[in-house]
Amino acid sequence: MGSAVAQCPHGITSHSTGNLGQKKLGYSSRCSKFPCQLDFARFGLLHQGSSAASSSDHSTEFGRRINAVPDMDDMFWDKVPTPLLDMVENPIHLKNLSVQELKELASEIRSELSCIMSEKPNSLKASLAVVELTIAIHHVFHAPVDKILWDVGEQTYAHKILTGRRALMRMMRQKNGLSSFTSRFESEYDSFGTGHGCNSVSAGLGMAIARDIKGKRDRVVTVISNATTLAGQVYEAMSNAGYLDSNMIVILNDSRRSLHPKIEQEPKTSITALSSTLIKIQSSKSFRKFRITKRIGRGMHELAAKFDEYARGMIGPQGSTLFEELGLYYIGPVDGHNLEDLICVLQQVSSLDSMGPVLIHVITEDNHQDAECNEKIEADNPQEGMITISYDDSVSSSVQTRTYSDCLVDSLLMEAEKHKDIVLVHAGMEMEPSFQVLQETFADRFFDVGMAEQHAVTFSAGLSRGGLRPFCIIPSTFLQRAYDQVVHDVDRQKIPVRFVITSAGLVGNSGPVYCGAFDVTFMSCLPNMIVMAPSDEDELVDMVATAAQIDDRPVCFRYPRGAIVRTDHFMHPGIPLEIGKGRVLVEGKEVALLGYGAMVQNCLKAQALLSRLGIEVTVADARFCKPLDTELLTLLCENHKFLITVEEGSIGGFASHVAQFIALNGHLDGTVKVMNIRNFHFW
């Protein structure tokens, strides 16, 4: 074992043991599960004195638990050996690797990710597609001094492995494990938190301007994907970047995924030897020095700019001049799986002192695999050529559990048969499998707009003004991005748009990014909005029918992610509910539990437990947060000593409306005591 020292221009030095070039590893008889013995100088992921480490004791403690090599208890004999990857504790260890060794490292990372894919149901296609791109970025740039930002978390798994979090990859989306997104509290290599996408260019531009004002010279690199280019914020940021002309690099990871089948069926952008040579010329310092569009005098500026745009538009793919119009210097297309081209382009772009914003168009494939990884995958599943998860019969039956989304789809199908003017608008990062039935059944009345929530809301308002009955389906956490449109384009004008808020409340291992905590609060404060939530699948069907009948104001209803209450699959026709009316489910004494939405089921469970102890409590289902059932509230206050509201949401939601009514109407002057139970104690 030899000792290697790697040092980057910014003064970060790292010591490690091993022979990266010859990949020599020593065997040890003491290790029964891992066939090699490694001697690394272990250190915390978050270095002492760093801004990220000092910001949180939790992040420091988190960093101390991370090492490059997975724990021995997690290793198995059938795991593909990864000698190069085992020697990479942080990106500095990539600096002295040759291109051939980087290719081998890419193969090992794919094997590692494929192994993770076989154990977890989460898709890793996006991260598999950007393995070479991730390696090239960390090989050329010097994180964390250089700022690297990612738009969506699904692309960052290789980034997490290379930045010292490999040991916890199998604990992703688990307690005390890794987030599935970049997080400033998790690693100093994560310059900015992501989750909802489309924010990296804006944040990166802010960092670039701050760097310029402070007189620093670090690089800012942002990576965006096809999905995030559907969001308007990306183009707002690019336009501003072009205007400010600050040095930054935007990398478009083009995996040819699109919402439009016609686009995906078109021939893919080809990468030839000629195009590979042209992009190297485009990114070269000599070519940029001779580029005259920003250096020529005022009289010839417009003519020179048009000639430059036309000439490079001829060699670039269709649509490439859009980025030039926004003010970004376009380079591409680049083969996202060709490390030589990626490293060459990134090195040349990073070497320019004054370049302005640059967009590098990288073409990747979601299903790209190297030969060794393909052999492993085909051996695991020769029929499909991909890794699948096998379940026993008992688990298979549980996977078939019916969800709230399934019930929503069935009820919408029934209502669409009654009302031929019902149209469906879906927005969000991904579409649940249940909604694909709607898309196939009503191809001409179903509109999936992707990550364009603002457009989805105003588009729905336009459909309503055109005489249709739009149902706008948006996950709770993504509706937050369209709140301005909800206020001004829908509620203020009293336009009857029916908001279906999915994934409301806690969302399991998806974490706080997808947690639907705020929709009740920000929707119930609007003057014209009807806000309701079903306690079970039967009420969900009734609320769909209720929403279809309302034609004079906007309405919204939320439902949680997960399985329904009943186990049978019977669906009754929806019956419209009386607006603002709740119901009493169980009659009791002294104590009343008033539940809202899915929390009614928790109230019923609590009532069943208390009844065994001889305590009889009342359980009521509010159904509506706005307007409140004031008669039901008055009845509960007059006949009980304790009124406990139970909800799933943040402060300012259902309980706040109940408390305000009780206070304003003098019920607190009596004997009743009001309490609130929420499952979001951190808000």
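On a predicted model such as this, the values are computed, not experimentally measured, just so you know. (Residues numbered from 1 in each chain as written. Predicted model: local features only at pLDDT ≥ 70, side-chain atom pairs only at ≥ 80, totals over all residues. Heavy atoms only, no water.)

Caption draft 1: Representation of the sheet that holds strand 8 (residues 422-426) in the model. Read across the sheet, seven strands follow the order 9-8-10-11-13-12-17 without closing on themselves; strand pairing throughout is mixed. The open sheet is flanked by strand 9 (446-448) and strand 17 (624-626), the only strands paired with a single partner. In this sheet, adjacent strand axes meet at a mean angle of 20° when their direction is disregarded. Bridge count for strand 8 against strand 10 (residues 469-475) is five bridges, and the pairing is parallel. In the sheet register, H426 faces strand 10, and the bridge partner there is I473. (Pairing = 2+ DSSP bridges. Helix = DSSP H or I, 4+ residues; strand = E, 2+ residues; numbered from the N terminus. Axes fitted to C-alpha atoms, helices over the stretch in contact; angles between N-to-C directions.)

Caption draft 2: Structural detail: the nonpolar core. By size, the foremost hydrophobic cluster in this structure holds 53 residues, and its most contacted members are F499, M523 and L594. Those residues in contact with M523 that sit more than four places away from it in its chain are L479, V486, F499, I501, M529, V531 and C556. (Core = buried A, V, L, I, M, F, W, Y, C linked by side-chain atoms within 4.5 Å. Buried < 20%, exposed > 50% of the residue type's maximum accessible area, 1.4 Å probe, protein only. Contact = heavy atoms within 4.5 Å.)

Caption draft 3: View of the side chain of E453. With respect to the helices and strands, E453 occurs in helix 20 (residues 453-465). Residue class for E453 comes out buried when judged on its relative accessible area of 2%. Not counting residues within four places of it along the chain, the set of residues in contact with E453 comprises A427, G428, I474, F478, R481 and A482.

Caption draft 4: Molecular detail of the packing of aromatic side chains. Following the criterion strictly, the structure yields five aromatic pairs and no others. Relative to Y330, the ring of F323 lies with its centre 6.2 Å away and its plane at 10°, an arrangement referred to as stacked. On the basis of relative accessible area, Y330 is assigned to the buried category, the value being 2%. The aromatic ring of F185 is capped on one face by R184, whose charged end is 5.5 Å from the ring centroid. Cation over ring: R498 sits above F471, and NZ or CZ is 6.0 Å from the ring centre. (Phe/Tyr/Trp six-rings, centres within 6.5 Å; stacked < 30°, edge-to-face > 60°. Lys NZ or Arg CZ within 6 Å of the ring centre and 35° of its normal.)

Caption draft 5: Up close: the confidence of the model for the protein. For the protein, the mean per-residue pLDDT works out to 77, and 71% of the residues sit at or above 70. Predicted confidence for residues 259-265 stays below pLDDT 50, and this span has nine contacts to residues more than four positions away or in other chains. In this model, residues 376-399 is a region of pLDDT below 50 whose contacts with residues beyond four sequence positions or in other chains number 18 contacts. (pLDDT = per-residue confidence, 0-100.)

Caption draft 6: Spotlight on the pattern of salt bridges. In total, this model carries 23 salt bridges according to the counting rule given. Residue E112 is joined to R170 by a salt bridge in which the shortest nitrogen-to-oxygen separation is 3.9 Å. Of the two residues, E112 sits in helix 4 (residues 99-119) while R170 sits in the loop between helix 7 (157-165) and helix 8 (200-214), which places them 58 residues apart along the sequence. Residues E112 and R170 agree in their burial class; the two are buried. The closest approach of N and O atoms between R469 and D421, which form a salt bridge, is 3.1 Å. Pair noted here: R469 is in strand 10 and D421 is in the loop between helix 18 (404-418) and strand 8, with a separation of 48 residues, a long-range link. Several salt bridges converge on common partners, so that one network encompasses D86, E112, R166 and R170. (Salt bridge = Lys/Arg side-chain N within 4 Å of Asp/Glu carboxyl O.)

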